[in-house]
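Inside the fold
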Amino acid sequence: MNRSGRRKVTVVGAGFVGATAAQRIIEKGLADVVMVDIAEGIPQGKGLDMMESGPVEGFDMTIVGTNGYEATAGSDVVVVTAGIPRKPGMSRDDLLKTNAGIVKAVCEQVAKYSPEAIMIVVSNPLDAMCHVALTASGFPAHRVIGMAGVLDSARMRHFIADAAKVSVKNVQAFVLGGHGDTMVPLMRYATISGIPVDRFLDKATIDAIATRTRNGGIEIVNYLKTGSAYYAPSSSAVEMVDAILNDRKELLPCAVHLSGQYGAKDLFLGVLAKLGKEGVEQIIELELLPEEQANLDKSIAAVKELVTLL
Ligand code: APR
C-alpha cells in the first residue's frame, strides 16, 4: 500500500510482457505501478509515455519507471518479468541459466524493499524460476506464485471457442502441470456453459486442441521470430494481480509450491489454486484418471529435472 493508502504494484522488467502488464494494471485502475528495469531510460520513458495516455484514456493511476528498487518499497504485489525471452529454436529450458541469475538478483531486491509482497513470477522457464524466486526472496511459499496456467488455459479456451463457434465467455477449461511441452490440458473438465466439450467437438478436434495448447508458446515465437508472446501473458498475469488485490478467492491454474499434492513434493507445478489477499489460499486437488496422472507424472519429472540443473 502507498503512503496515500492506494495499492501499489511493482513490475520488474519493462519489456514486452512487463510494460504491457503495467499498462493493463493502470488502465484497469487496479493500482499505482512502479516499473523497474536495468536498461537505463527504458522504464522511465515507457512510464512517462503511459502517464501521458492517462488524460486520453481517462485513468488516474500513476506509473513511474526506475532503474533502482527504492521506489518499489511497500508494494502489495510484485510481478517479475525480467529476463531474456525465447528465440526461435530455443526451448524455455535453454533460458534456464541466464534467467535464473537475473531472477535471483531481482527477487533479493524485491524482498528487501517489499517484505510483505506477494510475488507473481512470469520469467521462463517458469516452474524453475519460481524455485529461484522462493529461495532468493525467503518468502513463505504461499506468497510466490507462477503465471503459466492462466495463459495456457486462455489459449485452450480460445481454441475451443474458435472450433465450437461459441463465445469464449462460455468456455471453461484449464491446464495442469509444468509450463512446457509436458503440460496437461485437462480436456475432461473442459466445458461450454457447463456442458462437457465432447458434446460439441469430436475426439480428433479435441486432441488437436490439446496439442496446439501445448505448443501455444512456440506457435507465437515462430511468427514473431525475435521474441515471445506478450499480450496474453500480460493479461494472464494481471488477472492474478486483480484476484490478489481484490481478494477475489478466484480459482485459477497457477504454478504453486506443492507439498505432496498430486504426488509432487517441494516442487512448483501448475494446479488450480484459490488466489486472494494472502496469495495462494487453497490448493485444489482433483481426482485424476490413471492416464491423466501418468501425464502429470511426466510433467513432474520434467520440472524436477530442470530444478536439479539450477
Ligand atoms: N533487472 C531488471 N530488468 C532486467 C534484468 C534485471 N536484472 N535483466 C533483464 N531485464 C529486463 C530487460 O532489460 C528487458 O527490458 O527484462 C526485460 C525483458 O523484456 P523482453 O526482452 O521484452 O522480454 P519479454 O517478452 O517481456 O519476456 C520476459 O517473460 O514470458 C516470459 O519467456 C519470457 O522470460 C521472458 C519474460
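Quick notes on the rules
Residues numbered from 1 in each chain as written. Predicted model: local features only at pLDDT ≥ 70, side-chain atom pairs only at ≥ 80, totals over all residues. Heavy atoms only, no water. Buried < 20%, exposed > 50% of the residue type's maximum accessible area, 1.4 Å probe, protein only. Helix = DSSP H or I, 4+ residues; strand = E, 2+ residues; numbered from the N terminus. Pairing = 2+ DSSP bridges. Near = heavy atom within 4 Å. Polar contact = N/O pair within 3.5 Å; in protein donor to acceptor, adjacent residues only side chain to side chain. Areas by Shrake-Rupley, 256 points an atom, 1.4 Å probe, with all protein chains shown as cover. Nonpolar A, V, L, I, M, F, W, Y, C, P; charged D, E, K, R; others polar. Domains from an automatic or database assignment. Contact = heavy atoms within 4.5 Å. Buried area = accessible area lost by both parts, 1.4 Å probe. Salt bridge = Lys/Arg side-chain N within 4 Å of Asp/Glu carboxyl O.

**Topic: the pairing of strand β2 (residues 32–36)**
Counting buried residues along β2, five of its five residues qualify, which places the element largely inside the surrounding structure. By the alternation rule, side chains of β2 split into Asp32, Val34 and Val36 and Val33 and Met35, which are all buried. Sheet topology places β2 next to strand β3 (residues 63–66); four bridges connect them, and they run parallel. Paired with Val33 across the bridge in β3 is Ile63.

**A few points about the site of the ligand**
Surrounding the ligand, one finds 18 residues, the nearest of these being Phe16, Val17, Asp37, Thr81 and Asn124. Between an oxygen atom of the ligand and a side-chain N or O atom of Asn124, the distance comes to 2.9 Å. Alone, the ligand offers 730 Å² of accessible surface; in the complex the protein occludes 85% of this. Those elements that place two or more of their residues in the shell around the ligand are α1 (16–27) and α4 (96–113). A breakdown of the residues in the shell around the ligand according to their chemical character gives ten nonpolar, seven polar and one charged.

**Topic: the domain arrangement of the protein chain**
Where interface size is quoted, it is often the accessible area lost as the parts come together. Once the domains are mapped, the protein chain shows domain 1 (8–146) and domain 2 (149–308). Here the C-alpha centre of domain 2 lies 22 Å away from the C-alpha centre of domain 1. Counting residues at the interface gives 38 residues for domain 1 and 42 residues for domain 2. Between domain 1 and domain 2, a total of about 3200 Å² is buried, with carbon and sulfur atoms accounting for 72% of that surface. Our enumeration of links across domain 1 and domain 2 arrives at zero salt bridges. In this assembly, domain 1 and domain 2 are joined by eight residue pairs in polar contact (both at pLDDT 80 or more). Contributions of two or more residues to the side of domain 1 that touches domain 2 are made by α1, β4 (77–80), β5 (118–121), α5 (126–137) and β6 (144–146). Residue classes in the side of domain 1 that touches domain 2 are distributed as 24 nonpolar, five polar and nine charged.

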